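Structure assessment
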Amino acid sequence: MGKYVGESIIRKDALEKVNGTATYAFDIDNIPNLLIGKFLTSPYAHAHIRSIDISKAEKINGVVAIVTGKDWPVRIGLYAGDRDILAVDKVVWAGQPVVAISAESYEIAEKALEQIQIEYEPLPAIIDPVKAKLSNDILVHEKLGEYEHSPAFNPIPGTNIANHFKLRKGNIEKGFKESDKIIENTFTMPQVAHAYLEPIVAIGHYKRDGKIEIWSSAQSPFTVRYLMGITFAIPTSNVTVHAPYLGGGFGGKAGLNYEPLAVLLSKNSNYRPVKLQLTREENFRSAPIRVGMVAKIKTGVKDNGRIIAEEIEYIWDSGACADYAVNVGRAGGYVSIGPYEIDNIKSDSYTLYTNKPYATAFRGFGHMELHWAIERQRDIIAKNLGMDPIALRKINTLKAGKSYTANQHRLRKDAGNVDECLEKVWNDLKTHFKGKIGDKPWLFRGIGVSCFMKGPAQPPNSASSAYVKFNEDGGIFVSVGTSEMGQGTITSLAQIAAEELSIPIEKVYIKGERDTDRDAYTWQTVGSRSLFMDGNAVRNACIDAKHQIFEIASQVLHTPPYDLVLENESIYPKGEPWKNLNLVDVIMGYMFTSGEAIGGPIMGHGTYIAKMTMLDAETGAGNPAIFETFGSQGVEVEINVLTGEIKIKRLISAFDIGKAINPQLCESQILGGSIMALSLGLNEKLQYDEKGHLLNPNFVDYVLTRADDLPDEFEFFLVENPQLDAPFGARGIGELTMLGVPAAIGNAIANAINVEIYDTPITSERIWYEIKKQRPELLKLKEEFLQED
Amino acid sequence: MIVNESESLIINVNNIEHKISVKPNETLLDVLRLKLGIKSVKAACWSGDCGICTVLIDGKPMKSCLVLSHEIRNKSIMTVEGLLEDELFQKLQNSFVKNGAIQCGFCTSAFLLVGYYLIKNKRNLDLLSIKKGINGIICRCTGYKQIIDSIYELK
Amino acid sequence: MNQISHLTLPEFKIVTPSTLREALSILDTNNTRSKLLAGGTDLLVDLRNRTINPNIIIDLKNIPELNELKQKGDIFVIGAAVPIADILKSKEVRKNFHSLYTALNEMCDEILRFRATIGGNLGTASPAADTAGPLLIHRARIIVASKKISREIPIQEFFIGVKQNCLMPNEIITAIHIPISTENEKSVFLKLKRNSEDLALIGVSAINYNSQTKLAFTAVAPIPILVDITAYISGNKRPNEEKFKEIWKLVKNAISPINDLRASREYRLHMTEILTRKALKEVLQK
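Every value quoted in this text rests on a predicted model; they were computed, and no experiment measured them.

Before going further, it helps to examine the overall build of chain C. Across its full length, chain C holds 10 helices and 14 strands. At 19 Å, chain C has a C-alpha radius of gyration in line with the 19 Å of a compact globule built from 286 residues. Structurally, chain C occupies a C-alpha span of about 60 × 50 × 30 Å along its principal axes. For chain C, the proportion of its 286 residues judged to be buried stands at 60%. Look at the contacts in chain C between residues 6 or more apart in sequence, and 61% of them connect residues 24 or more apart. Element-wise, carbon and sulfur atoms account for 47% of the exposed surface of chain C, whose accessible area totals about 11500 Å².

Following this line, the structure appears as C-alpha cells:
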C-alpha cells in the first residue's frame, strides 16, 4: 500500500520521552496556589461509620479543608451510581476513603490524618464472590434498588448481583442429550492489579465562576468531563479536563476515579486547586483493580469432536462497586464460548459485589479470564476424546462470513481468520519442539496453544471525531480524543493522516496530551477501539480537508474537483502532474496574481460512529462489536517436577489484525502484552485475609515479571485479512496480545506432564501441589536426583 | 555535626552546583523533583522496588527514594537532563527510539541511565548481564525485550 | 492508630561521624532514640512506613573501620558498611567463600547492591537474611564495638529472634571476620524465589571442609539455623537415600517453616528437602 501506512515510523512521542521532557499528571505541580490532598481510608471491609471527629486535625496550621462523605453525598460510577466520593453511612471495602484533607504540604496532610478519629461498627464482610451469589445474608449494597444505572445492565436488588447477562441459543437440554461425552470443569482467576507505574493523580480546581478544571491521569478525559458535570450538577461545557501523557493505564485509569474527590476538596478549600496523588499502597488499596473470575463450564461433545452444547456460569468478582465490572460481565457473557460456533448454549454471566477494592476495566476486559477457562476446557475435551487439540478446535471455530457468533449474529465476511492464526502458531511450535531435552528425568517439556477473539466492548452509539488543521508551512495539526498511555496509537493516527493527505509524516503534528476544550471528542480510550474508531475519524477528517483543498484548486486549475489529485504536497489534474499547484499556496486560501483571494485556511473534520445493535435481554442476541480481532498464542515450557518450577522457553503469537499500520508498534504491543500476560498467568494475585484486608499492597509481594524472567525466544505473525470498513483494513491489537498466554501455559503443562491446572497464578507451588495430587509418582524422582552425576 | 533543622547543602547535579536548603528527612528524590524541578526522575513505589527513580551518583546507579539528601554532600548526581549532550548517551537514546523500547515512557529515564552505566562500565556486556543489570527496574508496558536489545546494540 | 500510607519520612536529626569513636559516643548517649544508617535500603522503607521513629539517624558510611575489605592473615575482613557491589568485586571473596559470593549475587537487585551492605543485612536480623546462612557455615565472627569495649560474636550466637539480634543498644557492627580455610573447601548457597527478584522463601547453604559437613537454613525458622551433619557423611561422599532420610529428619526437627502469603509451610518443607538434596550434591562427591 502506501508510503506511511505499513511502515515502522518512529513514535511521535519518542523524543520527548527519551529526553525526559514528556509531562505526566504526576509532574504537574506548577499551578498557582496548589494544595496537597490526602485521604484517610477504612481499616474495615464492611462497617457502619458511627462518628468522625476532625476537631484536632482542623486546628493544625496549614490544613485548609477537611471533607467527609456528607459534604457531597452524590453517588458516582460509570454504569451504576454505587460509589460514594467519600463513604457516607458505611464503608464497603478496606481502603475506601472516608475523610479527605487539603493542606499546604504532604507533611501537614499526613500529620492531620493521624489526628482524625473515626468510630466504626464492624459488620460481617462478604469476601468470596461465589458465596456472595449464593447468600443474601450480607449485602454490600442494601440500597441497590435505589441506585441509578444504565439500561444495558440488570442489577438485582436484595442480592449482591450487580449484573446478570444471559446468553441463550438452541436447546441446551437437547444438546446434552445428543452428546457422546459431557465434560465439566471449574476454572478461576483471581483479582489482580494493573500495576501501571504512574500512580493515579487527579488535580481538581473548582473555580469561583462555577467552572471546573481538572488535570488527571485519565484514559478517558471526555467521560471524566461528562461525569464530572453530572456529579457537580454543572453543564458539561463548564468542565475542562487535561489528560497529559499517561504512565500506563491498562484500563485502570479508564473510568472516573479520584477526580470528584480532588474537585470536592478544591470546592471546600476556598476554590484553590488540589492535587491528589496516590502512593503505591493507596493505589493498591483504594484505586480500582481487575475482576476475579470463577467459571463453571459443562460441555457436550460428539465423538467426532463437534461441540454441540455448552453451559457456562461466569462469576465476576467486582469488589465493592460495579464500575466497569458490570460491562466486563456483559462482554464476558456475550463472548462466553470464545471463537467457536456451538448450536446450543446457555450461559449466565454474573457480576458480584464483594467487600473488596472495586474492579474496573483491565486490558482484555474479561477475555483473558474467560479464554483461560474456555481454552483449558478445549484441551481437556481433546484429551478426553483422544484428539489433537488443534484438530478439535478447527472443527468448531467460527468461520468468517458463514458462522454465527455465540450471540447469533452473523460474522462479517471480512472478519478475519482464527484458523490461520492457530495454524501459524502451532506449526511454529511443532517445528521447533524437540521433545525431551537432556537426560534429567525430572525435567519435562511440552507445548500448548490457545485461540481467542475480542472486539471493543462499547455502547452502540460510541463515537469518535477528529479535526485536521493546516498550518502556513503545509504542516498539519491532527486533533483526536484518544489518550496516549504508551500504546502508540497517536503515531498510527499520524500515519493515517500522512497517507490520506500524501504529506510527509514529519509534517504531521499530533499531541499526546489531551485537552477536552481543544481536542476532538472521542468516547473513551479503551477496548482496542482507538485505531479503528479514531482512525476512521482521522481519515474522514483528511478526506474532508482534501475536498476543501480541491474546491479551491479546481477554480485555479479550471478542473472539476473530482478530477484532481493531491500528491506529494501538490495538486494537479489526473494524468497531468505538470499542471500542478503547490499545496502550500492553497491551504491558507489561494491568491491570484491580481490579488483576488479565494478559499481560506483549511480545516477538515471527520467523525465515526459504531455500527452495532442492542443485545436482546433474554438471549443476548445482536451485534455486540464493530470488529473481532482473532488470534492465537502458544508456548513451549519446561517443568521441573521436583520443584514445580516452570520455564517458558518459547512464546509464539499470531493475530489477524487486518493491516499492520505500524509493524514495530504491533511488535511492541505483542512483546509487552504477552509479558504482562505471562506475569499475570504465573505470578499475580491480590491476596486478602478472611476479613478482606489486602496482604500484598507492594511490589515485593505483588510479584511482577522482570527482565531476567523473560522467555528465551519470541516469535510472532501478523495475519492481514483486511476489514473493509476499517482504516486501511486495520483492527485493534492492544488487548489481544494478552488473551491466550495463561491458557497456552496451562495446556503446555498438561502436554508436558499430564497434570491439569485449573487456577492462576500458575506458581511453582501450585504446579508442585497439582503434581502431588494428580501424579505423586513423579516426586519419587527426588531419590534419583540426589544420586545423579 | 548533628544536623537538626533545614541546612544548606551544596550539591552537584548535572554538573551544576546548587546551594539548597534541605531538612534531614528529605530524600534525594524529593530534592531532585520538588526542589530542583528535575522531572525526568519519576517515582512509583517509594520503597526501592520499582527502580524508576534511579539516578547516577558518582557514576553509579542508585534508587533516589532510598537516599537521604544529606548523604549526597560532595557527590555528583547525574540525571537524563545532564547527559543530553553526551555522545554515548545520545547513541543510547537513538537506540531506544529505533528499537521501539519506549511505550508510556514513565520508566524510560531510569532504563537509559542504567543502560548508560552498563555500557560504560561493563566489559563483555552480554544479554544476561544486561537483564541482571536492569532487573531492579520495573517496566509494565514493553516486556523489556526491546530495552535489552537497545542496550545490547551499543555494548 | 490510623493506617496512613506516607509519602514523607518522619522528622529526625542526622549525624555523619567520620570516626568510629565519634559514632560510638553519639550512639552511647542516644542509643534508644537513634537508628544506624548504612545502605538505607531497609531503614528508609521502615521510616516511611513509620515502623520506626528515631530522633537521630547516624550515618555510618564515612567511618574507615566500617569500610575495610581485605585479608588479614588467615581472616578475611568485610567492613559492615561496604556496599555489596564492592564485596562482589573482591577476588578473595569469590575464591574463598563461594556460598557467600552466591548469596550476595542473589541479594536484592544490582542497583540496590550499590547501597545495601552486609552489616545492614545482619543488623536487620531478618530470618530470611541471605548472608546469614553462608556466614554460619563459614564460621564467621561478627565484630561489634561500643564506646567502652569491642567484642567478637560467633555468628551462631548473633540471632536471637525474628528481627532480633544480640547487640546491645549502644553497639555497632563494624566488620565481619571470616576464616580462610586452607583445606579443600566446597560451599554452596541456594535460594528459592518466586521470580528473578524476590526475598528468599528459603535459603539453603552447605559446606564440606576438612571432613566436616554443615548445612544452614534461612527463612524457615525464626532465626537462621545451622545443622552439623558430619556424623552422617563418610569420605566426602553423598549420602545414600537411607542416610539422607536421617539427615532430613534432623533438619526437619530443626526448622519450623510458616504459612504466609509467599508460600505455604508444606511447600517450604518440600523445597527445603529438595534444595538440601541439591546442596549436598554440589558439595559432596558421588
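Before going further, it helps to examine helix H15 (residues 663-682) of chain A. Between its first and last C-alpha, H15 of chain A extends 28 Å over 20 residues, near the 28 Å set by a 1.5 Å rise per residue. Extensive coverage of H15 of chain A is indicated by the burial of 18 of its 20 residues.

The subject of this paragraph is the pattern of salt bridges. Inspection of the entire model under this criterion finds 88 salt bridges over all chains. With its nearest N and O atoms 3.5 Å apart, the salt bridge here joins Lys-346 of chain A to Asp-348 of chain A. Judged by its relative accessible area of 8%, Asp-348 of chain A is buried. Between Lys-191 of chain C and Asp-130 of chain C there is a salt bridge; the shortest N-O distance is 2.8 Å. Of this pair, Lys-191 of chain C sits in strand E11 (residues 186-192) while Asp-130 of chain C sits in the loop between helix H6 (118-124) and helix H7 (132-137), placing them 61 residues apart in sequence. Residue Lys-191 of chain C is classed as buried on the basis of its relative accessible area, which comes to 13%. We classify Asp-130 of chain C as buried; its relative accessible area is 5%.

Residue Pro-761 of chain A is bonded to the preceding Thr-760 of chain A through a cis peptide linkage, with omega at 0°. Relative to the assigned elements, Pro-761 of chain A resides in the loop between helix H16 (741-753) and helix H17 (764-774). Notably, Asn-754 of chain A is not glycine yet its phi reads approximately 55°, a positive angle. You can call Asn-754 of chain A partly exposed: its relative accessible area is 42%. Phi is positive for Ser-211 of chain C, close to 60°, though the residue is something other than glycine. Its place among the elements puts Ser-211 of chain C in the loop between strand E12 (202-209) and strand E13 (212-218).

Before going further, it helps to examine the interface of chain B and chain C. Counting residues at the interface gives 29 residues for chain B, matched by 28 residues for chain C. Of the roughly 2600 Å² buried at the junction of chain B and chain C (both faces included), carbon and sulfur atoms supply 61%. Counting the contacts that link chain B with chain C gives 4 salt bridges. Measuring nitrogen to oxygen at the nearest pair gives 2.7 Å for the salt bridge that ties Lys-63 of chain B to Asp-109 of chain C. Our count for the chain B to chain C interface comes out at 9 residue pairs in polar contact (both at pLDDT 80 or more). Listing elements by their share of the side of chain B that touches chain C, those giving two or more residues are strand E1 (2-3), strand E5 (60-63), helix H4 (108-121) and helix H5 (127-134) of chain B. Looking at the side of chain B that touches chain C, the element that brings in the most residues is E5 of chain B, giving 4 residues.

Contact with chain B, which involves 48 residues of that partner, is made by 52 residues of chain A. Summing the contributions of chain B and of chain A, the shared interface buries around 3900 Å²; its carbon and sulfur component is 58%. Per-residue buried area on chain B facing chain A is highest for Gln-103, Phe-106 and Arg-140 of chain B; these three make up 20% of the total on that side. The interface formed by chain B and chain A contains 6 salt bridges. A salt bridge links Lys-42 of chain B to Asp-27 of chain A; the nearest nitrogen and oxygen atoms lie 2.6 Å apart.

A word on the pairing of strand E30 (residues 603-609) of chain A. Looking along a regular strand, one sees side chains alternate from face to face of the sheet. Residues and elements named next belong to chain A. Residues Gly-604, Gly-606 and Tyr-608 point to one face of E30 and are all buried, whereas Met-603, His-605, Thr-607 and Ile-609, pointing to the other face, are not buried. Judged from the 7 bridges that link them, strand E21 (residues 463-470) and E30 form a sheet pairing that is antiparallel. Bridge pairing links Ala-466 to Gly-606 in E30.

The subject of this paragraph is the nonpolar core. Leu-261, Ile-745 and Ile-753 of chain A together with Phe-96 of chain B are the most contacted members of the largest nonpolar core, which totals 299 residues. Not counting residues within four places of it along the chain, the set of residues in contact with Leu-261 of chain A comprises Phe-39, Val-67, Ile-85, Leu-86, Ala-100 and Leu-276 of chain A.

This brings us to the sheet that holds strand E26 (residues 570-573) of chain A. As a general point, the strands of a sheet are linked pairwise by backbone hydrogen bonds and lie either parallel or antiparallel. Residue and element names in this part refer to chain A. If you walk across this open sheet you meet the 3 strands as E25-E26-E27, and the pairing is antiparallel. With partners counted over all chains shown, the strands left at the sheet margins are strand E25 (564-567) and strand E27 (581-582), one partner each. Inspection of the sheet shows E25 paired to E26 by 4 bridges, in the antiparallel sense. When the sheet's bridge partners are listed, Leu-564 is paired in E26 with Pro-573. Helix-sheet contacts for helix H14 (residues 530-557) involve E25, E26 and E27, and the interaxial angle to E25 is about 120°.

Along the chain, His-194 of chain A turns up in the loop between strand E10 (181-189) and strand E11 (201-206). For the pair formed by His-194 of chain A and Gly-251 of chain A, sequence separation is 57 residues and the distance between their alpha carbons is 7.7 Å. Among all residues touching His-194 of chain A, those that are not within four sequence positions of it are Gly-249, Phe-250, Gly-251, Gly-252, Pro-288, Ile-289, Arg-290, Thr-360, Ala-361, Phe-362 and Met-676 of chain A together with Arg-140 of chain B. A distance of 3.2 Å separates a polar atom in the side chain of His-194 of chain A from the backbone nitrogen of Gly-252 of chain A.

Rules used in this analysis
- Residues numbered from 1 in each chain as written.
- Chains lettered and ligands numbered in written order.
- Predicted model: local features only at pLDDT ≥ 70, side-chain atom pairs only at ≥ 80, totals over all residues.
- Heavy atoms only, no water.
- Helix = DSSP H or I, 4+ residues; strand = E, 2+ residues; numbered from the N terminus.
- Rg over C-alpha atoms; globule rule 2.2 N^0.38 Å.
- Buried < 20%, exposed > 50% of the residue type's maximum accessible area, 1.4 Å probe, protein only.
- Contact = heavy atoms within 4.5 Å.
- Areas by Shrake-Rupley, 256 points an atom, 1.4 Å probe, with all protein chains shown as cover.
- Expected span 1.5 Å × (residues − 1).
- Salt bridge = Lys/Arg side-chain N within 4 Å of Asp/Glu carboxyl O.
- Buried area = accessible area lost by both parts, 1.4 Å probe.
- Polar contact = N/O pair within 3.5 Å; in protein donor to acceptor, adjacent residues only side chain to side chain.
- Pairing = 2+ DSSP bridges.
- Core = buried A, V, L, I, M, F, W, Y, C linked by side-chain atoms within 4.5 Å.
- Axes fitted to C-alpha atoms, helices over the stretch in contact; angles between N-to-C directions.

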